[in-house]
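A structural walkthrough
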Amino acid sequence: MIIVMKKDADEDKIQHVIERVESKGLEAVLLRGEKRNVIAAIGDKREIPTDYWLAIPGVEKTVPILTKYKLASREVSPRTTPVRINDTSVGGDSLSIIAGPCTVESMEQTLSVARAVKANGAVALRGGAYKPRTSPYSFRGLETEGLEILAEARRLTGLPVITEVLCPEDVGLVYQYADVMQVGARNMQNYSLLDELGRYDKPVLLKRGISATIEEMLLAAEYILRTGNAGVILCLRGIRTFEDHTRFTLSIGALAHLKQVTHLPVIVDPSHPAGDSSLVPPLAKAAVAAGADGLMVEVHPDPENAYVDGAQSLTPEGFEKLMAELRPIAQAVERDIKV
Ligand code: PEP
Ligand code: MN
C-alpha cells in the first residue's frame, strides 16, 4: 500500500506516519517527490482499515498496489514523476535528449562532442569511463581519468554528466563525479549494485537487460527505489531476439506498455539496437512518436576511429539533423524538446 502525503505535510508529519507504519509491523519506505512525498508500507497481509491511515494528520490518501513492483507502479502516481538532474529534469512535458560518445577517449574528443550536442539541444552529456565489454581484450575505458574528463566537460559546458558504474565497490567514486549513474544492460539484475545505488542521492539510469522482461526491469528499479533513492530513469536499448538485421530489437510496444504501468520516466537509446548509424534516426523518431520521455544517442566527432561503437555513432552533423527532424514529431505528440 502507498500512503500519499498532502502537499503541505511537513517533516514531523512524515516522520509520524513512518512511525505508525512501523508500529504496525510494516516496513516504511519514504519516496521524496518534486511535488509530494509518498510512503510505501510494505510487507504485511493483514487488513488495516483505510480510515486508520486517513485519520493521521498529513495523509491525503492510500492506494493499494496490486503489482509485484510497488514503488515503480503507475498506481503510485497517475502522472510521470520527473527526475531532477541538476537544473533540468527528465519526465515532464518536454523531451530530454541526452547525447555523447559511447566511451570517453580524450579531453579533446569529449569536449568537442559535448559542445556540439549542447549547441543542438542536448540536456546532458553521456560518456563511459568504465565500459562493460564482451571481450576482456577490448578497451575497457579510461576509468578515473575518464571521470575527470567528464567533470571538466561539465565545468566547461554546464551539461550534467551521465556515466556507467559497473560494480558496488565503484559507486562511491563514480558518485563524486557523475550527476547520473548508469546501470548498463548487463548489470540490470546485479542486485548488490542496485541495492548500493539505492543508498545514494543521485539519479540512476537503468537500462533494460538484453533478455529481461518488463516486469523484471521494473523489479530491478524497485531495488533502487526501496532503499530510498526515488530518482530512477528507465532506458530501453533493445533486446536479443532471432532478428539479426539490427544489433538488438527495439520494442516500441515495451515503451508504450511501460508508459502505462510505471510512473518512472522512460527514455530510449536508439543507438545500441540500431548498431548502424543510418538506422538511428528512424528508431529515435519512432520512440518519440510512441511517447518516450527522452532519448540517449551516441555521437562521436570521428565515428570511423571511435574506440567503441563507432558504427552506430552519429557525427555532430548527423545529430544536428536528427534534432531538427525530431521537433515536428515531438510537437505532433504534444511534447517539445528541451534546450
Ligand atoms: C552503452 O550505453 O554504451 C552500453 C554499453 O550500453 P548497454 O549497457 O545498453 O549495452
Ligand atoms: Mn555504446
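Nothing here was measured: the structure is a model prediction, and the numbers come from that model.

**Some details on the environment of Ala122**
Within the fold, Ala122 resides in the loop between helix H3 (107-119) and strand E8 (124-126). The contacts of Ala122, once residues within four sequence positions are left out, are Ile97, Ala99, Val117, Leu159, Phe319 and Met323.

**Remarks on helix H1 (residues 11-23)**
The terminal C-alpha atoms of H1 lie 18 Å apart, and with 13 residues this matches the ideal 18 Å at 1.5 Å per residue to within 8%. All of the buried residues along H1 are Ile14, Val17, Ile18 and Val21. Viewed end-on, H1 has its buried residues packed into an arc of 100 degrees, placing them on one side of the element. Along H1, exposed side chains directed more than 90 degrees from the buried face belong to Asp12, Glu19 and Ser23. Residues of H1 that are buried sit in contact with strand E1 (2-5), strand E2 (27-32), strand E3 (37-42), helix H2 (50-54) and strand E4 (59-63). Just past H1, the residue Gly25 takes up positive phi, approximately 80 degrees.

**Brief notes about the sheet that holds E1**
The strands that make up a sheet pair up through hydrogen bonds in the backbone, lying either parallel or antiparallel. Spatially, four strands are ordered E2-E3-E1-E4 in an open sheet, and the strand pairing comes out antiparallel. Each edge of the open sheet is held by one strand with a lone partner, namely E2 and E4. The mean inter-strand angle of the sheet, taken between neighbouring strand axes irrespective of direction, is 20 degrees. Direction of pairing for E2 relative to E3: antiparallel, over a ladder of six bridges.

**Some remarks on the site of ligand 1**
Residues in contact with ligand 1, as listed here, are Cys102, Arg126, Lys131, Gln182, Gly184, Ala185, Arg186, Lys207, Arg237, His272 and Glu298. The side chain of Arg126 places a nitrogen or oxygen atom 2.6 Å from an oxygen atom of ligand 1. Between an oxygen atom of ligand 1 and a side-chain N or O atom of His272, the distance comes to 3.1 Å. About the coverage of ligand 1: the protein hides 97% of its 300 Å² of free accessible area.

**Regarding the packing of aromatic side chains**
Counting across every chain of the model gives four aromatic pairs. Taking the ring centre of Tyr175 as reference, the NZ or CZ of Lys202 above it sits at 4.4 Å. Here the guanidinium or amino end of Arg237 rests over the ring plane of Phe248, the centre of that ring lying 4.1 Å away.

**Some thoughts on the domain arrangement of the protein chain**
In terms of domains, the protein chain is made up of domain 1 (2-64) and domain 2 (83-332). Computed over C-alpha atoms, the centres of domain 1 and domain 2 are 33 Å apart. Contacts between the two partners involve six residues from domain 1, matched on the other side by six residues from domain 2. Both faces considered, domain 1 and domain 2 share a buried interface measuring about 480 Å² in area, 50% of it formed by carbon and sulfur atoms. Considering only the side of domain 1, the residues that lose the most area to domain 2 are Val29, Leu31 and Glu34, jointly responsible for 67% of the buried surface there. Joining domain 1 to domain 2, the criterion identifies one salt bridge. Taking the shortest distance from any N to any O, the salt bridge between Arg226 and Glu27 comes out at 3.0 Å. If you look at where domain 1 meets domain 2, you find one residue pair in polar contact (both at pLDDT 80 or more). The residue inventory of the side of domain 1 that touches domain 2, partitioned by class, reads three nonpolar, no polar and three charged.

**Considering the pattern of salt bridges**
By the definition in use, this model includes 14 salt bridges. A salt bridge links Glu298 to Arg126; its shortest N-O distance comes to 2.9 Å. Here Glu298, found in strand E14 (residues 294-298), pairs with Arg126, found in strand E8; they are 172 residues apart in sequence, far enough to count as distant. Judged by relative accessible area, Glu298 falls into the buried class, the value being 2%. Note on Arg126: relative accessible area 4%, which makes it buried. Close ionic contact of Asp309 with Arg247 constitutes a salt bridge, the shortest N to O distance being 3.1 Å. Here Asp309 is found in the loop between E14 and helix H11 (316-332), whereas its partner Arg247 is found in the loop between strand E12 (232-236) and helix H8 (252-261), with 62 residues between them in sequence. Classification of Arg247 by relative accessible area gives partly exposed; the value is 38%. Salt bridges linked by common partners bring Lys259, Asp293 and Arg335 together as one network.

**Some remarks on helix H4 (residues 144-157)**
Because the α-helix completes a turn every 3.6 residues, residues three or four places apart line up on one side. An ideal rise of 1.5 Å per residue puts 20 Å on 14 residues; H4 measures up with 20 Å between its terminal C-alpha atoms. Listing the buried residues of H4 in full gives Gly146, Leu147, Ile149, Leu150, Ala151, Ala153 and Thr157. Looking at the packing, one finds that the buried side of H4 touches H3, E8, strand E9 (161-164) and helix H5 (171-177).

How each quantity is defined
- Residues numbered from 1 in each chain as written.
- Chains lettered and ligands numbered in written order.
- Predicted model: local features only at pLDDT ≥ 70, side-chain atom pairs only at ≥ 80, totals over all residues.
- Heavy atoms only, no water.
- Helix = DSSP H or I, 4+ residues; strand = E, 2+ residues; numbered from the N terminus.
- Contact = heavy atoms within 4.5 Å.
- Expected span 1.5 Å × (residues − 1).
- Buried < 20%, exposed > 50% of the residue type's maximum accessible area, 1.4 Å probe, protein only.
- Arc of directions from axis to C-beta.
- Pairing = 2+ DSSP bridges.
- Axes fitted to C-alpha atoms, helices over the stretch in contact; angles between N-to-C directions.
- Near = heavy atom within 4 Å.
- Polar contact = N/O pair within 3.5 Å; in protein donor to acceptor, adjacent residues only side chain to side chain.
- Areas by Shrake-Rupley, 256 points an atom, 1.4 Å probe, with all protein chains shown as cover.
- Phe/Tyr/Trp six-rings, centres within 6.5 Å; stacked < 30°, edge-to-face > 60°.
- Lys NZ or Arg CZ within 6 Å of the ring centre and 35° of its normal.
- Domains from an automatic or database assignment.
- Buried area = accessible area lost by both parts, 1.4 Å probe.
- Salt bridge = Lys/Arg side-chain N within 4 Å of Asp/Glu carboxyl O.
- Nonpolar A, V, L, I, M, F, W, Y, C, P; charged D, E, K, R; others polar.

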